Structures are given as C-alpha cells and as structure tokens.
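The residues making up each chain are set out below.
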Amino acid sequence: QVQLAESGGGSVQPGGSLRLSCAAAGSIVSIGAMGWYRQAPGKQRELVAVITNNVVTDYIDSVKGRFTVSRDGANNMVYLQMNLLKPEDTALYYCYALVTTELGGPMVSFWGQGTQVTVSS
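Residues numbered from 1 in each chain as written. Predicted model: local features only at pLDDT ≥ 70, side-chain atom pairs only at ≥ 80, totals over all residues. Heavy atoms only, no water.

1. Some words on unusual backbone geometry
The following threshold applies: Helix and strand assignments come from DSSP, with helices taken as H or I runs of at least 4 residues and strands as E runs of at least 2, each series counted from the N terminus.
Of note, the phi angle at Asn76 is positive, near 55 degrees, even though the residue is not glycine. Mapped onto the elements, Asn76 comes out in the loop between β7 (67-72) and β8 (77-82). Residues other than glycine seldom take positive phi values, yet Leu84 does so here, at roughly 50 degrees. Mapped onto the elements of the fold, Leu84 is located in the loop between β8 and β9 (91-100).

Okay, structure coming up:
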C-alpha cells in the first residue's frame, strides 16, 4: 500500500501565504500525476492543481497566478505554494497521487488525510 502524508496547513490572514507538502511512501514502483484537491464545508471536492511526471501543470481558474504546484520526483514529494490567499480558499486540502504499486500493474489513486487551510482576518 501507499501512504500520503500532508503537512503545512494552518491559519493565515487574507493576502498571506502557505506552503503545503505531501510525501508519498510505501510500495511505489512509479508515480504518474500528483496534485491537490480541496473541499470546503458544504461544497464538492474540487481539483486545485495537478502536475504530471513530465512536469506539466494545470490549475483551477480561481487559483491561477496565485498557486504553484511542484514536485520532487526523486523523493516522491509534491508541494503547493499558495500566495495571495483569499477567504474562499479556506478548505481541507488533500494530496493525491497516481501510483503503480507492482511492475506492469495499473495506476491506482491514493489520497492523503487532508490538511486544513483557513484564511480569515
């Protein structure tokens, strides 16, 4: 199995910054795309940012120009730098990864437990 562990959440004032980190560990043969989802109270989970193993990135429109996703392939890490945070960014942020756990096997989605980001004055 594969475990994803997020860190870096917290509370910040509007306009502030946070950096989320996620480490993948376990039975990993290879990792494809990695990224971040978020879910605010009463809302559906939404994809915030994704980065492929070819370092192609994509973002939800509401965070473009403010958030940057990056990865450290050698250490199975993914990061989300969040700048100019807004109250509407408040949510539980989940890391995910598409992982191959056995040679020739399929890619499987794995999720972290989530880290809370709260933006409030």
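2. Let's talk about the packing of aromatic side chains
This is how it is decided: When the centres of two rings from Phe, Tyr and Trp lie within 6.5 Å, Trp using its six-membered ring, the rings pair. Their planes under 30 degrees apart give stacked, over 60 give edge-to-face, and anything left gives tilted. Residue exposure (1.4 Å probe, protein chains only): buried if accessible area is under 20% of the type maximum, exposed if over 50%, otherwise partly exposed. Charge-over-ring placement is defined geometrically: NZ (Lys) or CZ (Arg) within 6 Å of the ring centre, and within 35 degrees of the ring normal.
Inspection of every chain in the model, using the stated rule, returns three aromatic pairs. Judged by centre distance (5.3 Å) and plane angle (75 degrees), the rings of Tyr37 and Tyr96 are edge-to-face. Taken together, the residues span a long stretch of sequence, with Tyr37 in strand β4 (residues 30-39) and Tyr96 in strand β9 at a distance of 59 residues. Here Tyr37 falls in the partly exposed class, since its relative accessible area comes to 21%. You can call Tyr96 buried: its relative accessible area is 8%. Members of the aromatic cluster, joined through ring pairs, are Tyr37, Tyr96 and Trp111. In this structure, Arg45 is placed above the aromatic ring of Trp111, and the distance from its NZ or CZ to the ring centre is 4.8 Å.

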